[in-house]
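Structure at a glance
Below, each chain spelled out in residue letters.
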Amino acid sequence: MKKGIHPENYRLVAFKDMSNEDVFITKSTVETKETITHEGVEYPVFKMEISRTSHPFYTGKSKLIDTAGRIDKFNSKYAKKAK
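To keep things clear, this report deals only with the structure shown in the data block. The structure presented is a predicted model; accordingly, all values stated were derived computationally and were not measured.

1. Some thoughts on the side chain of serine 28
By the secondary structure assignment, serine 28 is in strand 2 (residues 23–28). With relative accessibility at 13%, the residue serine 28 sits in the buried group. A distance of 3.1 Å separates the side chain of serine 28 from the backbone nitrogen of valine 30, its partner in a polar contact.

In structure tokens, the structure reads:
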């Protein structure tokens, strides 16, 4: 392994899924300014929108979010060409 190319500031960091409040601890070099107390120990915290506990691939639950009828608009536009 080459010397001097790997970061040296690995530390334990809490990653918090904001959609379901799940927290897991792992080593990381991510820069954070906030901290969180998890199981009586204070860790730097990195907030995420989605993680393994909330992603549809891992949970097996899928959500279809149709904003402004995009699917219907697509189907009506290309249904005319298919005829």
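2. Thoughts on the pairing of strand 4 (residues 41–48)
Across four bridges, strand 1 (residues 11–17) lies against strand 4 in parallel orientation. Note on strand 4: the bridge partner recorded for phenylalanine 15 is phenylalanine 46. Summarising the sheet, strand 3 (residues 35–38) and strand 4 pair through four bridges and their orientation is antiparallel. Its bridge partner being in strand 4, threonine 37 is matched across the sheet by glutamate 42. Where strand 3 folds back onto strand 4 in an antiparallel hairpin, the turn is made up of two residues, including glutamate 39, whose phi is positive at roughly 55 degrees.

3. What about the packing of aromatic side chains?
Counted by the stated rule, this structure contains two aromatic pairs. Each ring, one from phenylalanine 15 and one from phenylalanine 24, has its centre 5.6 Å from the other, and the planes form 15 degrees; the classification is stacked. Look at phenylalanine 15 and phenylalanine 46: their rings are 5.6 Å apart centre to centre, the planes differ by 65 degrees, and that puts the pair in the edge-to-face class. Taken as a pair, phenylalanine 15 in strand 1 and phenylalanine 46 in strand 4 lie far apart in primary sequence, 31 residues in all. Given the relative accessible area of 31%, phenylalanine 46 is considered partly exposed. One aromatic cluster in this structure is built from Phe15, Phe24 and Phe46.

4. Here's the deal with the sheet that holds strand 3
Strands sit in the order 2-1-4-3 across an open sheet of four strands; the sheet is mixed. Looking along the sheet, the strands with just one partner apiece sit at the ends: strand 2 and strand 3. The average undirected angle you get between the axes of adjacent strands in this sheet is 50 degrees.

5. Overview of the pattern of salt bridges
Inspection of every chain in the model, using the stated rule, returns two salt bridges. For the salt bridge of glutamate 34 with lysine 47, the shortest nitrogen-to-oxygen distance reads 3.0 Å. Of this pair, glutamate 34 sits in the loop between strand 2 and strand 3 while lysine 47 sits in strand 4, and the two are 13 residues apart along the sequence.

Rules used throughout
- Residues numbered from 1 in each chain as written.
- Predicted model: local features only at pLDDT ≥ 70, side-chain atom pairs only at ≥ 80, totals over all residues.
- Heavy atoms only, no water.
- Helix = DSSP H or I, 4+ residues; strand = E, 2+ residues; numbered from the N terminus.
- Buried < 20%, exposed > 50% of the residue type's maximum accessible area, 1.4 Å probe, protein only.
- Polar contact = N/O pair within 3.5 Å; in protein donor to acceptor, adjacent residues only side chain to side chain.
- Pairing = 2+ DSSP bridges.
- Phe/Tyr/Trp six-rings, centres within 6.5 Å; stacked < 30°, edge-to-face > 60°.
- Axes fitted to C-alpha atoms, helices over the stretch in contact; angles between N-to-C directions.
- Salt bridge = Lys/Arg side-chain N within 4 Å of Asp/Glu carboxyl O.

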